[in-house]
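Listed here are the chains, written in short residue letters.
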Amino acid sequence: MEAVSGLVVALALIPEAIAFSIIAGVDPRVGLFASFTMAVTIAFVGGRPAMISAATGAIALVVAPLAREHGVDHLIAAVLLGGVFQVLLGVAGVARLMRFLPRSVMVGFVNALAILIFTSQLPYLVDVPWTVYALLAVGLVVLVGLPRLTRAVPGPLVAIALLTGFTVVAGVVVPTVGDQGALPDSLPVLGLPDVPLDLATLQLIAPYALTIALVGLIESLMTAKLVDDITDTRSDKTRESWGQGVANIVTGFFGGMGGCAMIGQTMINVKDGGARTRVSTFLAGVFLLVLVVALGEVVAVIPMAALVGVMIMVAVGTFDWHSIRPATLRMMPLSETAVMVSTVAVTVATHNLAYGVAVGVLVAMVLFARRVAHVVEVTSVVDPDGGTKLYRVSGQLFFASSNDLVYQFDYGSDPDEVVIDLSAAHVWDASTVAALDAIRTKYAARGTTLTVVGMNDGSRARHDRMAGRLSGAH
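Below: a short report on this structure. Sequence order sets the numbering: in each chain, residues are counted from 1 along the sequence as written. Totals for whole chains, interfaces and linings use every residue, but because this is a predicted model, local features are given only for residues with pLDDT of at least 70 and side-chain atom pairs only at 80 or more, for both listing and counting. Computation of side-chain values: all heavy atoms of the structure, hydrogens and water removed.

### Brief notes about the overall build of the protein chain
Stage number 1. Under the scheme used here, helices are H or I runs from DSSP no shorter than 4 residues and strands are E runs no shorter than 2 residues, and both carry numbers assigned from the N terminus. When you go through the protein chain residue by residue, the secondary structure sums to 19 helices and 6 strands.
Stage number 2. Each radius of gyration reported is based on C-alpha atoms, and the globular scaling rule is 2.2 Å times the count of residues to the power 0.38. Here the protein chain has a C-alpha radius of gyration of 29 Å; the compact-globule value for 474 residues is 23 Å, and the former is much larger.
Stage number 3. When the backbone C-alpha atoms are referred to their principal axes, the protein chain occupies close to 100 × 50 × 45 Å.
Stage number 4. Think of it in three bands: residues with accessible area under 20% of the maximum for their type are buried, residues over 50% are exposed, and the middle band is partly exposed, with areas taken using a 1.4 Å probe on protein chains only. Within the span of the protein chain, comprising 474 residues, buried residues form 50% of the whole.
Stage number 5. The contact criterion used is simple: two residues touch if any of their non-hydrogen atoms lie within 4.5 Å. Pairs at least 24 apart in sequence give 83% of the contacts found in the protein chain among residues at least 6 apart.
Stage number 6. Where the 28 positive side-chain charges of the protein chain centre and where its 33 negative ones centre are 6 Å apart. The charge count includes Lys and Arg as positive and Asp and Glu as negative, but it does not include His or the ends of the chains. A charged residue contributes its charge at one atom only: NZ of Lys, CZ of Arg, CG of Asp or CD of Glu.

Below is the structure:
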């Protein structure tokens, strides 16, 4: 089962690795080598058995501008540095930070990735013979219809074989994979990128490397969680994080374009093939290399229309269509939709998945803080003899909610004794302690005695450590 599943994954990897290479603007062998080295390496060092890592659309989109403007050597240098960043982030425990990524940001990430993959195919449909559109239409019919009949063979493989066979037999002249660059005819060779080892190079590649690291970790950890849910098992996310870094470093040394976990191929391996061990991942990489080295001449005549069709279906399958259904949008809070839309909008506008995720998280934090700030409530009760007034504060007190706290008290009309009860509240930060200091100062200026009661242990410790010391910090 593991061997058969690995072979099927390898066959499905070939067209996508070539297509992702073209997205990145590099020779197909750069993506094919990356898929081989990523799969074989992660089989040993990864934290999620049976998960497939290879060249991906997300990484291709990140490195495309660098490859286009500065060449493949700078791309490989960025992959190496990105792998180092991933190792450092993995050791630092970045996997634990995934809990702070809201679901709406993850949905926005996936949707933006799908849109970018789709739009990256449009240049291959401009100024081409009409036969390209006919081939694309036939390919899409096969890709959509075949899985409804059988899943014994991968739809992309059948579509590519059918269209390639037709163009060769009929002598149809259309753009082919061979037109995009040379294919491998030998094993990958260990080496270093030919770039200047100076500060200028570091400044150039560092932003791309960091983006590779972040995007790769996000997609890999999301995929690992998905496999955990399918198999009802737990995986080592920290090991997976630094393992992805090691795999990218190895890939860079062998001239690959880098990569991360692949959701589609992982689903083929785990869900359709039933694989559960590292053997399937390892064999997928080995079979891939054997196939492309032995069949390089055949791969070169594949029409680009076939790969465009495959990538369009990848984009369609990646997009979370449920997230934009009218029923879902009506049910979802407006703030959640705003986070998803902002993630997609920034990613598509900048072509940078890391920027989109960062903005999405920031928007989510702001909207959450705004929402929580409005649930703080202050109520007051005057004792029967009029000598004491009790204020009860309930809710989470932090910078967004405590800034208005100082205005919730009737300083001029309150009696000589005032009590603030915080038993239903929690003090989270220095802003709240400063607000309580300001309230105490306002009452003291009027000769009113203020007593704060009801703090829990955490709030009391935070308050006692900072109270009376914040106003003189400057």
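### Details of unusual backbone geometry
Stage number 1. You will see that Asp127, though not glycine, has its phi angle at about 55°, which is positive.
Stage number 2. Residue placement: Asp127 occurs in the loop between α5 (103–120) and α6 (130–149).
Stage number 3. Even without glycine at this site, Asp232 takes up a positive phi of about 55°.
Stage number 4. Here Asp232 is to be found in the loop between α8 (199–231) and α9 (237–253).

### Quick look at the packing of helix α3 (residues 57–70) against α5
Stage number 1. An axis is simply a line fitted to the C-alpha atoms; with a helix, the fit covers only the stretch in contact. Between two such axes, the angle follows the N-to-C directions and lies from 0 to 180 degrees. Packing of α3 against α5 leaves a shortest axis separation of 10 Å and a crossing angle of 65°. Where α3 crosses over α5, the handedness of that crossing is left-handed. Residue-level contacts link Gly57, Ala58 and Leu61 of α3 to Leu113, Leu116, Ile117 and Ser120 of α5.
Stage number 2. Classification convention: Asp, Glu, Lys, Arg as charged; Ala, Val, Leu, Ile, Met, Phe, Trp, Tyr, Cys, Pro as nonpolar; all other residues, Gly among them, as polar. Residue classes in the contact of α3 with α5 are distributed as 5 nonpolar, 2 polar and no charged. By convention, the crossing between two helices is left-handed when the near helix turns anticlockwise from the far helix through less than a right angle, and right-handed when the turn is clockwise.

### Observations concerning the pattern of salt bridges
Stage number 1. Any Lys or Arg side-chain nitrogen located within 4 Å of an Asp or Glu carboxyl oxygen qualifies as a salt bridge. By the definition in use, this model includes 6 salt bridges.
Stage number 2. The salt bridge involving Asp27 is made with Arg29; its shortest N-O contact spans 3.5 Å.
Stage number 3. Taking relative accessible area as the criterion, Asp27 reaches 27% and is therefore assigned partly exposed.
Stage number 4. A residue is classified by how much of its surface remains accessible, and Arg29, at 32% relative accessible area, is partly exposed.
Stage number 5. The closest approach of N and O atoms between Asp228 and Lys237, which form a salt bridge, is 2.3 Å.
Stage number 6. Given a relative accessible area of 22%, Lys237 falls into the partly exposed group.

### Considering the nonpolar core
Stage number 1. One finds Ile18, Leu75, Phe109, Val215, Met257, Leu288 and Leu307 to be the most contacted residues of the largest nonpolar core, which totals 92 residues.
Stage number 2. It is helix α1 (residues 2–24) that contributes the most residues to this core, 11 residues altogether.
Stage number 3. Residues in contact with Leu75, not counting those within four places in the same chain, are Val26, Val63, Leu66, Ala67, Gly256 and Met257. The definition of a nonpolar core used throughout is a set of buried Ala, Val, Leu, Ile, Met, Phe, Trp, Tyr and Cys residues joined through side-chain atoms within 4.5 Å.

### What to know about the packing of α1 against α3
Relative orientation and spacing of two packed helices are given, respectively, by the angle between their axes and the distance between those axes.
Stage number 1. Where α1 meets α3, the closest approach of the two axes is 7 Å, and the angle between their N-to-C directions is 30°. Between α1 and α3, the contacting residues are Phe20, Ile23 and Ala24 on the first element and Gly57, Ala60, Leu61, Val63, Ala64 and Ala67 on the second.
Stage number 2. Split by residue class, the contact of α1 with α3 holds 8 nonpolar, 1 polar and no charged.

### A word on the sheet that holds strand β5 (residues 417–427)
Stage number 1. Note on pairing: DSSP must find at least two bridges between two strands before they are called paired. If you trace the 4 strands from one edge of the open sheet to the other, you get β3-β4-β5-β6, paired in mixed fashion. Here the strands that pair on one side only, and so sit at the sheet edges, are β3 (377–382) and β6 (449–453). Neighbouring strand axes in the sheet, compared pairwise and without regard to direction, differ in orientation by 20° on average.
Stage number 2. Inspection of the sheet shows β3 paired to strand β4 (residues 388–397) by 6 bridges, in the antiparallel sense. Among the inter-strand pairings, Val378 is bridged to a residue of β4, identified as Val393.

### Remarks on the environment of Ile23
Stage number 1. For Ile23, the position within the fold is in helix α1.
Stage number 2. Exposure remark for Ile23: the relative accessible area of 12% places this residue in the buried category.
Stage number 3. Taking the C-alpha atoms as reference points, Ile23 and Ala64, 41 residues apart in sequence, are found 6.8 Å from one another.
Stage number 4. If near-sequence neighbours (up to four positions away) are discounted, Ile23 is found in contact with Ala60, Leu61, Ala64, Ser120, Gln121, Tyr124 and Met311.

### Re the side chain of Ser323
Stage number 1. With respect to the element layout, Ser323 can be found in the loop between α13 (304–318) and α14 (326–331).
Stage number 2. Counting of polar contacts relies on pairs of N or O atoms within 3.5 Å, with two restrictions inside protein: one atom must be capable of donating a hydrogen and the other of accepting it, and residues adjacent in sequence are counted only when both atoms are side-chain atoms. A polar side-chain atom of Ser323 sits 3.1 Å from a polar atom in the side chain of Asn111.

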